[in-house]
Amino acid sequence: MSASWRAWILIAVAGAAGGRALASAHDALSAVQVLREGGCGGVTPATRALRHESALDAVAQQWAGGQPLAAAAERGGYPALATSGLHVSSSDAGILEVLRRSACHTVTSQDLRALGVYRQGIESWIVMSADYRVAYLPPAAGRVAPYIPPTQSPPPPAAPVEAVRAPAPRNPPAAVLASQALQLVNEVRARGAICGAHRFAPAPPLASSGTLANVAFGHADDMAEHDYFEHSDLNGHTPADRVRAVGYREKVVGENIAYGPKSVEEVVQGWLESPGHCENIMDPRFAEMGIAYATGRSGRHGLYWVQVLAEPQA
(Lines give C-alpha, C1' and ligand atoms only; values in the text may rest on other atoms or scores of the structure.)
Protein backbone atom coordinates (compact mmCIF):
# COMPACT_ATOMS: atom_id res chain seq x y z
CA MET A 1 0.00 0.00 0.00
CA SER A 2 1.72 3.10 -1.02
CA ALA A 3 1.71 6.81 -1.56
CA SER A 4 3.81 9.36 -3.40
CA TRP A 5 7.52 8.57 -3.08
CA ARG A 6 10.67 8.82 -5.16
CA ALA A 7 12.82 11.11 -3.01
CA TRP A 8 16.26 9.50 -2.68
CA ILE A 9 18.84 9.79 0.04
CA LEU A 10 22.49 8.76 0.07
CA ILE A 11 23.97 7.08 3.13
CA ALA A 12 27.64 6.13 3.17
CA VAL A 13 28.29 2.75 4.79
CA ALA A 14 31.31 3.22 7.02
CA GLY A 15 34.08 0.61 7.07
CA ALA A 16 34.71 -2.68 5.33
CA ALA A 17 32.40 -4.65 7.62
CA GLY A 18 29.42 -2.54 6.61
CA GLY A 19 30.21 -3.00 2.94
CA ARG A 20 30.39 -6.79 3.31
CA ALA A 21 27.02 -6.81 5.09
CA LEU A 22 25.36 -5.08 2.16
CA ALA A 23 27.14 -7.25 -0.40
CA SER A 24 26.03 -10.49 1.24
CA ALA A 25 22.45 -9.25 1.28
CA HIS A 26 22.11 -10.07 -2.42
CA ASP A 27 21.17 -13.63 -1.45
CA ALA A 28 18.01 -12.27 0.16
CA LEU A 29 17.41 -10.07 -2.86
CA SER A 30 17.71 -13.05 -5.18
CA ALA A 31 15.35 -15.10 -3.01
CA VAL A 32 12.63 -12.45 -3.26
CA GLN A 33 13.05 -12.16 -7.04
CA VAL A 34 12.90 -15.94 -7.52
CA LEU A 35 9.69 -16.17 -5.47
CA ARG A 36 8.05 -13.34 -7.39
CA GLU A 37 8.97 -14.68 -10.82
CA GLY A 38 7.86 -18.20 -9.89
CA GLY A 39 4.68 -17.21 -8.07
CA CYS A 40 6.01 -18.69 -4.83
CA GLY A 41 5.96 -22.14 -6.38
CA GLY A 42 2.49 -21.66 -7.85
CA VAL A 43 0.84 -20.33 -4.69
CA THR A 44 0.40 -16.82 -6.14
CA PRO A 45 0.37 -15.38 -9.67
CA ALA A 46 3.88 -14.85 -11.07
CA THR A 47 4.85 -11.19 -11.16
CA ARG A 48 7.72 -8.97 -12.24
CA ALA A 49 10.98 -8.61 -10.37
CA LEU A 50 11.48 -5.63 -8.07
CA ARG A 51 13.94 -2.80 -8.55
CA HIS A 52 16.84 -2.91 -6.09
CA GLU A 53 17.17 0.61 -4.69
CA SER A 54 20.15 1.68 -2.62
CA ALA A 55 17.90 4.09 -0.72
CA LEU A 56 15.93 1.10 0.54
CA ASP A 57 19.18 -0.65 1.51
CA ALA A 58 19.82 2.39 3.71
CA VAL A 59 16.31 2.20 5.18
CA ALA A 60 16.87 -1.49 5.97
CA GLN A 61 20.22 -0.68 7.63
CA GLN A 62 18.63 2.00 9.83
CA TRP A 63 15.82 -0.39 10.76
CA ALA A 64 18.40 -3.04 11.69
CA GLY A 65 20.18 -0.43 13.80
CA GLY A 66 17.12 0.13 15.98
CA GLN A 67 15.18 2.84 14.15
CA PRO A 68 11.44 2.18 13.76
CA LEU A 69 10.72 1.10 10.21
CA ALA A 70 8.25 3.95 9.70
CA ALA A 71 10.78 6.57 10.78
CA ALA A 72 13.56 5.08 8.65
CA ALA A 73 11.26 4.98 5.63
CA GLU A 74 10.23 8.60 6.04
CA ARG A 75 13.86 9.66 6.28
CA GLY A 76 14.57 7.77 3.07
CA GLY A 77 11.78 9.50 1.18
CA TYR A 78 9.31 6.60 1.39
CA PRO A 79 6.00 7.34 3.14
CA ALA A 80 5.49 4.89 5.98
CA LEU A 81 2.22 3.58 4.56
CA ALA A 82 4.09 2.63 1.39
CA THR A 83 6.68 0.55 3.22
CA SER A 84 6.66 -2.99 4.58
CA GLY A 85 9.45 -5.11 5.96
CA LEU A 86 10.57 -8.62 6.80
CA HIS A 87 13.12 -9.50 9.47
CA VAL A 88 14.37 -13.02 8.73
CA SER A 89 16.74 -15.23 10.70
CA SER A 90 18.23 -17.77 8.30
CA SER A 91 21.43 -18.84 6.57
CA ASP A 92 21.90 -17.91 2.93
CA ALA A 93 21.07 -21.47 1.95
CA GLY A 94 17.77 -21.47 3.83
CA ILE A 95 16.36 -18.00 3.25
CA LEU A 96 14.48 -18.89 0.07
CA GLU A 97 12.58 -21.67 1.83
CA VAL A 98 11.87 -19.53 4.90
CA LEU A 99 10.32 -16.80 2.75
CA ARG A 100 8.41 -19.33 0.66
CA ARG A 101 6.90 -21.01 3.71
CA SER A 102 6.18 -17.97 5.86
CA ALA A 103 5.97 -14.78 3.78
CA CYS A 104 4.82 -15.88 0.35
CA HIS A 105 2.01 -13.37 -0.16
CA THR A 106 4.04 -10.56 1.37
CA VAL A 107 6.96 -10.82 -1.04
CA THR A 108 4.83 -11.55 -4.13
CA SER A 109 2.36 -8.69 -3.69
CA GLN A 110 1.70 -7.14 -7.08
CA ASP A 111 1.72 -3.64 -5.56
CA LEU A 112 5.41 -3.88 -4.70
CA ARG A 113 7.81 -1.98 -6.93
CA ALA A 114 11.22 -1.82 -5.19
CA LEU A 115 13.23 -3.37 -2.37
CA GLY A 116 16.40 -3.10 -0.36
CA VAL A 117 18.17 -5.42 2.08
CA TYR A 118 20.65 -5.21 4.94
CA ARG A 119 22.37 -8.34 6.27
CA GLN A 120 24.36 -9.07 9.43
CA GLY A 121 25.32 -12.66 10.13
CA ILE A 122 22.22 -14.80 9.69
CA GLU A 123 19.89 -11.81 10.15
CA SER A 124 18.35 -10.14 7.07
CA TRP A 125 16.20 -7.02 7.05
CA ILE A 126 14.20 -6.78 3.81
CA VAL A 127 12.36 -3.52 3.09
CA MET A 128 9.86 -3.21 0.23
CA SER A 129 8.00 -0.24 -1.22
CA ALA A 130 4.62 -0.43 -2.93
CA ASP A 131 2.26 1.72 -4.94
CA TYR A 132 -0.58 3.21 -2.94
CA ARG A 133 -3.68 1.28 -4.01
CA VAL A 134 -5.95 1.58 -0.97
CA ALA A 135 -7.98 4.75 -1.51
CA TYR A 136 -11.54 6.00 -1.15
CA LEU A 137 -13.16 6.17 -4.60
CA PRO A 138 -16.68 6.72 -5.95
CA PRO A 139 -19.07 3.78 -5.53
CA ALA A 140 -20.07 1.26 -8.14
CA ALA A 141 -22.90 -1.25 -8.32
CA GLY A 142 -22.53 -3.63 -5.39
CA ARG A 143 -22.80 -7.37 -5.08
CA VAL A 144 -21.55 -9.99 -2.67
CA ALA A 145 -20.30 -13.53 -3.17
CA PRO A 146 -21.57 -16.77 -1.60
CA TYR A 147 -20.50 -18.10 1.76
CA ILE A 148 -17.46 -20.40 1.93
CA PRO A 149 -17.52 -22.76 4.92
CA PRO A 150 -14.58 -23.02 7.31
CA THR A 151 -11.89 -25.60 6.54
CA GLN A 152 -9.22 -27.40 8.49
CA SER A 153 -5.51 -26.53 8.59
CA PRO A 154 -2.27 -28.45 7.79
CA PRO A 155 0.92 -28.53 9.91
CA PRO A 156 2.61 -25.16 10.67
CA PRO A 157 5.67 -23.87 8.76
CA ALA A 158 9.06 -24.95 10.05
CA ALA A 159 11.06 -21.71 9.82
CA PRO A 160 10.42 -18.40 11.62
CA VAL A 161 9.99 -15.07 9.86
CA GLU A 162 8.80 -11.80 11.28
CA ALA A 163 6.73 -9.59 8.96
CA VAL A 164 6.48 -5.92 9.81
CA ARG A 165 4.10 -3.40 8.28
CA ALA A 166 5.24 0.14 9.01
CA PRO A 167 2.52 2.11 10.81
CA ALA A 168 1.24 5.22 9.06
CA PRO A 169 1.99 8.39 11.04
CA ARG A 170 -0.79 10.45 9.44
CA ASN A 171 -4.12 9.87 7.72
CA PRO A 172 -3.84 6.06 7.64
CA PRO A 173 -6.82 4.79 5.60
CA ALA A 174 -5.97 1.13 6.12
CA ALA A 175 -5.76 1.50 9.90
CA VAL A 176 -8.94 3.57 10.03
CA LEU A 177 -10.73 1.01 7.88
CA ALA A 178 -9.70 -1.88 10.10
CA SER A 179 -10.70 -0.06 13.27
CA GLN A 180 -14.12 0.97 11.92
CA ALA A 181 -14.87 -2.49 10.55
CA LEU A 182 -13.86 -4.21 13.77
CA GLN A 183 -16.07 -1.89 15.81
CA LEU A 184 -19.08 -2.43 13.57
CA VAL A 185 -18.65 -6.21 13.51
CA ASN A 186 -18.14 -6.46 17.27
CA GLU A 187 -21.20 -4.34 17.96
CA VAL A 188 -23.30 -6.79 15.96
CA ARG A 189 -21.69 -9.82 17.61
CA ALA A 190 -22.32 -8.30 21.06
CA ARG A 191 -26.07 -7.94 20.54
CA GLY A 192 -26.71 -11.03 18.38
CA ALA A 193 -28.29 -11.08 14.93
CA ILE A 194 -30.81 -12.78 12.67
CA CYS A 195 -29.12 -14.16 9.54
CA GLY A 196 -31.84 -15.22 7.13
CA ALA A 197 -33.88 -17.85 8.97
CA HIS A 198 -31.30 -18.35 11.74
CA ARG A 199 -31.07 -16.40 14.96
CA PHE A 200 -27.57 -16.06 16.42
CA ALA A 201 -26.93 -15.40 20.09
CA PRO A 202 -24.30 -12.83 21.08
CA ALA A 203 -20.77 -13.96 20.24
CA PRO A 204 -17.39 -12.99 21.73
CA PRO A 205 -15.65 -9.98 20.15
CA LEU A 206 -13.14 -10.48 17.37
CA ALA A 207 -9.56 -9.26 17.56
CA SER A 208 -7.87 -7.47 14.67
CA SER A 209 -5.15 -9.46 12.86
CA GLY A 210 -2.56 -7.72 10.70
CA THR A 211 -1.68 -11.05 9.11
CA LEU A 212 -5.28 -11.69 8.07
CA ALA A 213 -5.55 -8.10 6.82
CA ASN A 214 -2.52 -8.68 4.59
CA VAL A 215 -4.10 -11.87 3.24
CA ALA A 216 -7.35 -9.96 2.64
CA PHE A 217 -5.53 -7.21 0.77
CA GLY A 218 -3.60 -9.71 -1.33
CA HIS A 219 -6.84 -11.28 -2.61
CA ALA A 220 -8.65 -7.94 -3.03
CA ASP A 221 -5.73 -6.58 -5.01
CA ASP A 222 -5.48 -9.72 -7.16
CA MET A 223 -9.18 -9.50 -8.04
CA ALA A 224 -8.80 -5.80 -8.81
CA GLU A 225 -5.73 -6.39 -10.96
CA HIS A 226 -7.19 -9.28 -12.98
CA ASP A 227 -10.87 -8.29 -13.09
CA TYR A 228 -12.54 -11.30 -11.45
CA PHE A 229 -14.75 -11.79 -8.41
CA GLU A 230 -14.46 -15.20 -6.74
CA HIS A 231 -13.31 -16.75 -3.47
CA SER A 232 -10.87 -18.97 -5.38
CA ASP A 233 -8.07 -17.07 -7.11
CA LEU A 234 -6.96 -17.62 -10.70
CA ASN A 235 -4.67 -20.46 -9.59
CA GLY A 236 -7.53 -22.20 -7.77
CA HIS A 237 -6.34 -21.34 -4.27
CA THR A 238 -9.03 -20.99 -1.59
CA PRO A 239 -9.16 -18.60 1.40
CA ALA A 240 -7.72 -21.39 3.55
CA ASP A 241 -4.85 -21.88 1.08
CA ARG A 242 -4.01 -18.17 1.20
CA VAL A 243 -4.05 -18.06 5.00
CA ARG A 244 -1.81 -21.11 5.24
CA ALA A 245 0.62 -19.73 2.65
CA VAL A 246 1.65 -16.90 5.00
CA GLY A 247 2.23 -19.26 7.92
CA TYR A 248 -0.96 -18.50 9.85
CA ARG A 249 -1.93 -21.56 11.90
CA GLU A 250 -5.71 -21.80 11.94
CA LYS A 251 -8.42 -24.17 13.11
CA VAL A 252 -11.11 -22.70 10.85
CA VAL A 253 -11.16 -19.91 8.28
CA GLY A 254 -13.92 -18.11 6.38
CA GLU A 255 -14.10 -15.25 3.91
CA ASN A 256 -16.59 -12.58 2.84
CA ILE A 257 -16.06 -10.61 -0.37
CA ALA A 258 -17.94 -7.75 -2.01
CA TYR A 259 -17.60 -5.49 -5.02
CA GLY A 260 -18.78 -1.90 -5.15
CA PRO A 261 -19.58 -0.53 -1.65
CA LYS A 262 -17.94 2.84 -1.12
CA SER A 263 -17.50 2.71 2.66
CA VAL A 264 -16.85 0.23 5.44
CA GLU A 265 -20.33 0.90 6.84
CA GLU A 266 -21.92 0.02 3.52
CA VAL A 267 -19.97 -3.17 3.00
CA VAL A 268 -20.57 -4.48 6.53
CA GLN A 269 -24.29 -3.71 6.24
CA GLY A 270 -24.43 -5.53 2.90
CA TRP A 271 -22.82 -8.60 4.40
CA LEU A 272 -25.24 -8.55 7.35
CA GLU A 273 -28.17 -8.48 4.93
CA SER A 274 -26.87 -11.60 3.14
CA PRO A 275 -27.53 -14.77 5.23
CA GLY A 276 -24.30 -16.61 4.39
CA HIS A 277 -22.08 -13.60 4.97
CA CYS A 278 -23.98 -12.72 8.13
CA GLU A 279 -23.43 -16.25 9.45
CA ASN A 280 -19.69 -15.83 8.88
CA ILE A 281 -19.69 -12.61 10.88
CA MET A 282 -21.69 -14.16 13.71
CA ASP A 283 -19.89 -17.53 13.83
CA PRO A 284 -18.68 -17.82 17.46
CA ARG A 285 -15.74 -20.01 16.43
CA PHE A 286 -13.98 -17.10 14.76
CA ALA A 287 -11.65 -15.10 17.02
CA GLU A 288 -9.73 -12.83 14.61
CA MET A 289 -10.44 -10.86 11.45
CA GLY A 290 -8.69 -8.80 8.82
CA ILE A 291 -10.31 -6.59 6.19
CA ALA A 292 -9.00 -4.71 3.15
CA TYR A 293 -10.06 -3.29 -0.17
CA ALA A 294 -8.43 -2.44 -3.51
CA THR A 295 -9.40 -0.40 -6.53
CA GLY A 296 -10.36 -2.10 -9.79
CA ARG A 297 -7.87 -1.43 -12.57
CA SER A 298 -9.17 -3.44 -15.55
CA GLY A 299 -12.77 -3.69 -16.73
CA ARG A 300 -14.27 -2.50 -13.44
CA HIS A 301 -13.06 0.43 -11.38
CA GLY A 302 -15.07 0.10 -8.17
CA LEU A 303 -13.79 -1.26 -4.85
CA TYR A 304 -13.11 -4.93 -4.17
CA TRP A 305 -13.56 -5.83 -0.48
CA VAL A 306 -12.30 -8.90 1.36
CA GLN A 307 -12.88 -9.88 5.00
CA VAL A 308 -10.98 -12.89 6.35
CA LEU A 309 -12.07 -14.51 9.62
CA ALA A 310 -10.24 -17.27 11.45
CA GLU A 311 -9.64 -19.06 14.73
CA PRO A 312 -5.91 -19.51 15.35
CA GLN A 313 -4.52 -22.70 16.79
CA ALA A 314 -3.51 -22.47 20.43
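Check the entry above for the structure.
None of the values given here were measured: they were computed from a predicted structure. (Residues numbered from 1 in each chain as written. Predicted model: local features only at pLDDT ≥ 70, side-chain atom pairs only at ≥ 80, totals over all residues. Heavy atoms only, no water.)

1. Let's talk about the overall build of the protein chain
A count of helices and strands for the protein chain gives twelve helices and twelve strands. Buried residues in the protein chain amount to 50% of all 314 residues. The contacts in the protein chain between residues at least 6 apart in sequence include a share of 76% that link residues at least 24 apart. Looking at the protein chain as shown, the accessible area adds up to about 13000 Å², and 56% of this sits on carbon and sulfur atoms. (Helix = DSSP H or I, 4+ residues; strand = E, 2+ residues; numbered from the N terminus. Buried < 20%, exposed > 50% of the residue type's maximum accessible area, 1.4 Å probe, protein only. Contact = heavy atoms within 4.5 Å. Areas by Shrake-Rupley, 256 points an atom, 1.4 Å probe, with all protein chains shown as cover.)

2. Details of the state of the cysteines
Taken as a whole, this structure holds one disulfide when the rule is applied. In this model, Cys195 is linked to Cys278 through a disulfide, with the two sulfur atoms separated by 2.0 Å. Taking the sign of the S-S torsion, about -55 degrees here, the bridge from Cys195 to Cys278 comes out left-handed. Separated by 83 residues along the polypeptide, Cys195 in strand β7 (residues 193–195) and Cys278 in helix α12 (residues 275–282) bring together distant segments of the chain. (Disulfide = S-S within 2.5 Å.)

3. Side note on empty space enclosed by the protein
Under the criterion given, the structure shown has two cavities of 30 Å³ or more. The computed volume of the largest cavity comes to approximately 290 Å³. Around the largest cavity sit 22 residues that line it, and His105, Thr108, Ser109, Gln110 and Gly218 are the ones nearest its centre. Within the residue set of the lining of the largest cavity, elements represented by two or more residues are α7 (104–107) and α9 (210–226). Tallying contributions element by element places α9 first for the lining of the largest cavity, with six residues. Looking at the lining of the largest cavity, its residues break down into six nonpolar, ten polar and six charged. Along the walls of the second largest cavity sit Ala178, Leu182, Ser208, Ala213, Met289, Gly290 and Ile291, which together make up its complete lining. Looking at the lining of the second largest cavity, the elements that each hand over two or more residues are α8 (173–191) and β11 (288–295). (1 Å grid on protein atoms, 1.4 Å probe; cavity = no way out; pocket = protein on both sides within 12 Å on 5 of 7 lines; lining within 4 Å. Points joined across faces, edges and corners; volume = space filled by probe spheres on them. Nonpolar A, V, L, I, M, F, W, Y, C, P; charged D, E, K, R; others polar.)

4. A closer look at the environment of His277
Residue position: His277 is located in helix α12. Under the relative-accessibility criterion, His277 is labelled buried at 2%. Note: C-alpha distance between His277 and Gly254 (23 residues apart in sequence) is 9.4 Å.

5. So, the pattern of salt bridges
The full count for this structure, using the stated rule, is nine salt bridges. Salt-bridge contacts for Arg297 lead to Glu225; the nearest nitrogen and oxygen are separated by 2.5 Å. One end of the pair, Arg297, is in the loop between β11 and β12 (303–312); the other, Glu225, is in helix α9, with 72 residues separating them in the sequence. Note on Arg297: relative accessible area 25%, which makes it partly exposed. Classification of Glu225 as partly exposed rests on a relative accessible area of 28%. Notably, a salt bridge pairs Arg244 with Glu250, separated by 3.3 Å at the nearest N-O pair. Within the structure, one salt-bridge network assembled from shared partners comprises Asp221, Glu225 and Arg297. (Salt bridge = Lys/Arg side-chain N within 4 Å of Asp/Glu carboxyl O.)

6. Side note on the pairing of β12
Burial of β12 is extensive: eight of the ten residues sit out of reach of the surface. Sheet topology note: the strand β10 (residues 250–259)/β12 ladder contains nine bridges and is antiparallel. Bridge pairing links Val252 to Glu311 in β12. In this structure, β11 lies alongside β12, joined through eight bridges in antiparallel fashion. Looking across to β12, one finds that Gly290 is bridged to Val308. (Pairing = 2+ DSSP bridges.)

7. A closer look at the pairing of strand β2 (residues 83–89)
Most of β2 sits out of view: six of its seven residues are buried. Judged from the seven bridges that link them, β2 and strand β4 (residues 123–130) form a sheet pairing that is antiparallel. Across the sheet, residue Leu86 finds its bridge partner in β4, namely Ile126.

8. Some thoughts on the nonpolar core
Grouped together as the largest cluster of nonpolar side chains are 25 residues, with contacts concentrated most on Leu206, Trp271, Met289, Ile291 and Trp305. When contributions to this core are tallied by element, the ones reaching two or more residues are α8, β7, β10, α11 (264–272), α12, β11 and β12. Excluding anything up to four places from it in sequence, Leu206 contacts Leu182, Val185, Asn186, Arg189, Phe286, Ala287, Glu288, Met289 and Leu309. Counting 22 residues, the second-largest nonpolar core is a separate cluster that includes Ala240, Val243, Val306 and Val308. (Core = buried A, V, L, I, M, F, W, Y, C linked by side-chain atoms within 4.5 Å.)

9. A few points about unusual backbone geometry
In this structure, Asp227 takes a positive phi of about 60 degrees despite not being glycine. Here Asp227 is to be found in the loop between α9 and α10 (239–245).

10. A closer look at the packing of aromatic side chains
Scanning the model with the defined rule gives three aromatic pairs in all. When the ring of Tyr118 is compared with that of Trp125, the centres are 6.3 Å apart and the planes differ by 40 degrees; the resulting orientation is tilted. (Phe/Tyr/Trp six-rings, centres within 6.5 Å; stacked < 30°, edge-to-face > 60°.)

Everything listed is a geometric property; what it means functionally is a separate question.
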